[in-house]
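The lines below spell out each chain.
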Number of protein chains: 2
Amino acid sequence: MDKLYGGIEAGGTWFVCAVGTDPDNLSAETRFRTTTPLATIKKAINFFQKQARSEALTAIGIGSFGPVDINPASPKHGHIIISPKPGWGNTDFAGMVRKALKVPVFLNTDVNVAALAEYRWGAAQGLDTFIYLTVGTGIGGGGIVNGQLMGGLIHPEMGHIRVPHDWNRDPFTGCCPFHEDCLEGLAAAPALAQRWGQPPETLPADHQAWQLEAHYLALGLNNLICTLSPQRIILGGGVMQQSQLFPMVRKMVQQILNEYLPAPEIVTDIDSYIVPPGLGRRAGVLGAIALAAESEQ
Amino acid sequence: MDKLYGGIEAGGTWFVCAVGTDPDNLSAETRFRTTTPLATIKKAINFFQKQARSEALTAIGIGSFGPVDINPASPKHGHIIISPKPGWGNTDFAGMVRKALKVPVFLNTDVNVAALAEYRWGAAQGLDTFIYLTVGTGIGGGGIVNGQLMGGLIHPEMGHIRVPHDWNRDPFTGCCPFHEDCLEGLAAAPALAQRWGQPPETLPADHQAWQLEAHYLALGLNNLICTLSPQRIILGGGVMQQSQLFPMVRKMVQQILNEYLPAPEIVTDIDSYIVPPGLGRRAGVLGAIALAAESEQ
């Protein structure tokens with residue numbers, strides 16, 4: 001019998017669950033709001049239990065917001081270890097799913113698994129070093145370096161880099177509960193909502209909010225480019241649904257780098273260097289499935 | 001006969017050349033000032049020609065300031081492609097050495113090869129993801145991720161990340177010719193010299209310069225930690241000879257991260273997380289030798 005995998009994309013606002021093997025074979029999909037850990041993880045478990053084929057699942061992959069413990073050798077492996085999201089710190093996410101469904105469960109960050117899906121089936125095929133950055137409820141970054149998922153000491157937390165805060169244009173102090181005006185505190189959706197006093201999706205495309213947003217994102221991308229030298233950057237997440245951001249961010253990245261890095265990918269072909277996910281909003285859940293498939297082998 | 005390698009550490013201020021195989025077997029070593037490309041590279045070639053055993057060199061490795069082209073598939077492989085250092089842009093560094101000495105020549109960044117030496121023989125043994133950052137004439141960063149030297153599109157240029165410029169404390173505008181107040185423009189040796197009006201090595205250890213320097217370096221390290229999640233950070237280069245910087249930088253990194261990353265390495269054991277090179281000032285030239293040994297196999 002063919003193998004079949006479950007995937008959970010655990011985002012700060014939404015959970016997405018699906019069953020399948022790849023973009024052309026997703027047999028079920030559901031999404032629901034992220035509330036408390038118990039209630040939300042229970043809903044995910046119920047989804048897989050209700051699938052007629054739940055018994056046949058070979059493994060489940062989870063791509064989660066975090067920080068999470070992705071080190072297989074750690075006693076806290078599979079836990080959300082700490083989180084700006086109230087109530088979610090120290091949650092044994094993978095363990096709860098494993099106990100309820102009795103299948104192997106593998107967990108990595110939401111952005112690392114999205115990167116994995118883009119690497120297999122999307123905008124990063126054929127590359128060996130790239131970044132997937134999501135800009136939504138938070139800002140998170142992951143990716144693949146030298147052909148392997150990023151990990152290291154914990155895992156990347158790219159949203160919490162510091163960039164110059166443009167106090168002249170932007171008196172908003174930032175809203176990261178840990179760092180105030182880190183990149184996430186200045187440029188994730190809650191920062192937009194608090195700075196402009198309305199949900200970001202209601203701001204018109206020509207609102208000055210987007211120029212400032214592009215400015216901060218471009219500063220962040222400059223730092224990621226100078227640190228990792230990625231062959232491509234994929235920008236996903238709810239805020240990046242504002243597609244007018246892409247040309248602004250690209251142009252500002254070029255201005256900030258100021259031709260210091262003379263790669264044609266940046267200097268002339270930046271439209272295919274900073275791109276939306278090839279798999280759109282499905283990158284997260286497909287990546288969770290890819291993680292399950294890759295890990296259980 | 002045993003293999004013997006040549007190594008060139010090409011820094012912005014000094015060139016170091018040596019012959020050998022490892023820290024316990026360095027049979028010759030010389031250093032001279034970096035002047036024009038032709039004169040300086042000629043001196044390096046002369047050094048190897050004068051070594052009695054020059055004929056026996058199996059290969060030469062070069063760790064160079066840059067940016068350099070480290071992609072073996074590129075027609076400009078082994079070139080310094082562009083440089084804030086006048087005259088050095090578009091120099092076929094590896095090619096000139098190869099033609100003169102008729103041995104295989106391999107080139108990577110000065111910091112990547114220093115990282116390679118620390119990985120083999122120094123402060124990064126047994127790790128698979130770490131960063132080597134040098135703070136001297138410029139600021140450069142390299143390292144190993146998932147067990148392999150960092151590369152990607154070009155290679156890391158960590159000195160050119162942007163960090164918040166503390167205008168209240170620091171009216172100095174920055175001195176990077178490309179970016180003005182990037183990390184290098186604020187915190188490399190020339191920035192210290194211009195800001196305080198005297199060579200940094202003449203500033204007393206309790207001068208306020210070092211608090212500000214530690215502040216900028218800590219902001220930079222925060223960004224590198226959040227981006228790459230290194231298992232250790234090695235800080236080398238002339239400015240880091242000011243050993244009073246280490247405890248200041250460590251404390252400020254903890255303050256900036258604000259316990260967001262709950263790894264004991266950072267929260268409690270930071271003295272062995274942010275460290276000087278295990279090989280001291282020899283990391284560069286030993287890394288060039290390691291690069292030659294690794295590449296020619």
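None of these values were measured; they are calculated from a predicted model.

Caption draft 1: Region of the structure containing the overall build of chain A. Within chain A one finds nine helices and ten strands. Over its C-alpha atoms, taken along the principal directions, chain A stretches across nearly 55 × 40 × 35 Å. Within chain A, counting contacts between residues at least 6 apart in sequence, those at least 24 apart form 62% of the total. By element, 50% of the accessible surface of chain A is carried by carbon and sulfur atoms, the whole surface being about 11300 Å². Taking the average location of the 21 positive side-chain charges in chain A and that of its 26 negative ones, the two points are 9 Å from each other.

Caption draft 2: Representation of the pairing of strand S2 (residues 14-22) of chain B in the model. All names here are of chain B. With seven of its nine residues buried, S2 lies for the most part within the structure. When strand S1 (residues 4-10) meets S2, the two strands line up antiparallel, connected through six bridges. Counted as the bridge partner of Gly-6 is Val-19 from S2. Linking S1 back to S2 in an antiparallel pair, the connection comprises three residues. Across eight bridges, S2 lies against strand S3 (residues 25-33) in antiparallel orientation. Bridged to Ala-18 within S3 is Glu-29. The hairpin turn running from S2 into S3, its antiparallel successor, is two residues long.

Caption draft 3: Inspection of the confidence of the model for chain A at higher detail. In this model, chain A carries an average pLDDT of 94, and 98% of its residues clear a pLDDT of 70 or more. Note on the complex model: pTM 0.95, ipTM 0.95.

Caption draft 4: The sheet that holds strand S4 (residues 57-64) of chain A, seen in detail. Residues and elements named next belong to chain A. Spatially, S3-S2-S1-S4-S5 is the arrangement adopted by the five strands of the open sheet, whose pairing is mixed. Each edge of the sheet is formed by a strand with only one pairing partner; in this case those strands are strand S3 (25-33) and strand S5 (105-109). Pairs of neighbouring strands in the sheet enclose a mean axial angle of 15°, with direction left out of account. For strand S1 (residues 4-10) and S4, the ladder comprises seven bridges, and the chain directions are parallel. Across the sheet, residue Tyr-5 finds its bridge partner in S4, namely Ala-59. Against the sheet, helix H1 (residues 37-50) touches S1, strand S2 (14-22), S3 and S4, its axis set at about 30° to S2. Here helix H3 (residues 110-121) sits on the sheet in contact with S1, S2, S4 and S5, set at roughly 100° to S5.

Caption draft 5: Inspection of the pattern of salt bridges at higher detail. Residues and elements named next belong to chain A. Across all of its chains, the model carries ten salt bridges over all chains by this definition. A salt bridge links Lys-3 to Glu-296; the shortest N-O distance between them is 3.2 Å. On the criterion of sequence distance, the pair formed by Lys-3 in the segment before S1 and Glu-296 in the segment after helix H9 (283-295) is long-range, its members being 293 residues apart. A salt bridge links Asp-166 to Arg-169; its shortest N-O distance comes to 3.1 Å.

Caption draft 6: Local environment of the interface of chain B and chain A. On the chain A side, the residues contacting the 47 residues of chain B number 47 residues. Area buried by chain B at its contact with chain A is led by Leu-153, Thr-227 and Tyr-260 of chain B, which between them contribute 21% of it. In this assembly, chain B and chain A are joined by zero salt bridges. Taken together, the connections running from chain B to chain A amount to 30 residue pairs in polar contact (both at pLDDT 80 or more). Elements that contribute at least two residues to the side of chain B that touches chain A include exactly strand S8 (148-149), helix H6 (208-228), helix H7 (245-257) and helix H8 (264-267) of chain B. Counting residues per element, the side of chain B that touches chain A draws most heavily on H6 of chain B, at seven residues. Classifying every residue of the side of chain B that touches chain A gives 28 nonpolar, 15 polar and four charged.

Caption draft 7: Molecular detail of the environment of Cys-226 of chain B. In this fold, Cys-226 of chain B is placed in helix H6. With relative accessibility at 1%, the residue Cys-226 of chain B sits in the buried group. Residues Cys-226 of chain B and Leu-257 of chain B, 31 residues apart in the sequence, show an inter-C-alpha distance of 8.9 Å. Filtering out sequence-adjacent residues up to four positions away, Cys-226 of chain B remains in contact with Pro-156, Glu-157, Met-158, His-160 and Ile-161 of chain A together with Leu-257 of chain B.

Caption draft 8: Seen up close, the side chain of Glu-213 of chain A. On the secondary structure map, Glu-213 of chain A appears in helix H6 (residues 208-228). It turns out Glu-213 of chain A is buried and unbridged, and the closest side chain with the opposite charge, Arg-195 of chain A, is 4.8 Å from it.

Caption draft 9: Focus on the relation of the copies chain B and chain A. Superposing chain B onto chain A requires a rotation of 180° together with a translation of 0.0 Å along the rotation axis, leaving an RMSD of 0.0 Å. One copy is carried onto the other by what is essentially a two-fold rotation axis. When C-alpha positions in chain B are compared against the rotation axis, the closest is assigned to Pro-164 of chain B, at 1.9 Å. When the interface residues of chain B are mapped onto chain A, 100% of them again fall at the interface, so both copies present the same face.

Caption draft 10: Molecular detail of the packing of helix H3 (residues 110-121) of chain B against helix H9 (residues 283-295) of chain B. Residue and element names in this part refer to chain B. Two elements in contact, H3 and H9, have axes separated by 7 Å at closest approach and are oriented at 85°. Regarding the angle of H3 to H9, the classification is roughly perpendicular. Of the residues in H9, those in contact with Val-113, Ala-114, Leu-116, Ala-117, Glu-118, Arg-120 and Trp-121 of H3 are Ala-283, Gly-284, Leu-286, Gly-287, Ala-288, Ala-290, Leu-291, Ala-293 and Glu-294. Counted by class, the contact of H3 with H9 contains eleven nonpolar, two polar and three charged residues.

Caption draft 11: Focus on the state of the cysteines. Summed over all chains, the structure comprises zero disulfides over all chains. Here Cys-175 of chain B stays free of any disulfide, with the sulfur of Cys-176 of chain B as its closest cysteine sulfur at 7.7 Å.

Caption draft 12: Quick look at the sheet that holds strand S8 (residues 148-149) of chain A. Residues and elements named next belong to chain A. Across the sheet, which stays open at both edges, the five strands sit in the order S8-S7-S6-S9-S10 with mixed pairing between neighbours. Every other strand in the sheet has two partners, leaving S8 and strand S10 (274-275) as the edge strands with one partner each. Inspection of the sheet shows strand S7 (residues 139-145) paired to S8 by two bridges, in the antiparallel sense. Bridged to Val-145 within S8 is Gln-148. Strands strand S6 (130-135), S7, S8 and strand S9 (233-236) of the sheet are contacted by H3, whose axis makes an angle of about 45° with S7.

Rules of the game
- Residues numbered from 1 in each chain as written.
- Chains lettered and ligands numbered in written order.
- Predicted model: local features only at pLDDT ≥ 70, side-chain atom pairs only at ≥ 80, totals over all residues.
- Heavy atoms only, no water.
- Helix = DSSP H or I, 4+ residues; strand = E, 2+ residues; numbered from the N terminus.
- Contact = heavy atoms within 4.5 Å.
- Areas by Shrake-Rupley, 256 points an atom, 1.4 Å probe, with all protein chains shown as cover.
- Lys, Arg positive; Asp, Glu negative; His and termini not counted.
- Charge placed at Lys NZ, Arg CZ, Asp CG, Glu CD.
- Buried < 20%, exposed > 50% of the residue type's maximum accessible area, 1.4 Å probe, protein only.
- Pairing = 2+ DSSP bridges.
- pLDDT = per-residue confidence, 0-100.
- Axes fitted to C-alpha atoms, helices over the stretch in contact; angles between N-to-C directions.
- Salt bridge = Lys/Arg side-chain N within 4 Å of Asp/Glu carboxyl O.
- Buried area = accessible area lost by both parts, 1.4 Å probe.
- Polar contact = N/O pair within 3.5 Å; in protein donor to acceptor, adjacent residues only side chain to side chain.
- Nonpolar A, V, L, I, M, F, W, Y, C, P; charged D, E, K, R; others polar.
- Least-squares fit on C-alpha atoms with pLDDT ≥ 70 in both.
- Parallel < 35°, antiparallel > 145°, perpendicular 65-115°, else oblique.
- Disulfide = S-S within 2.5 Å.

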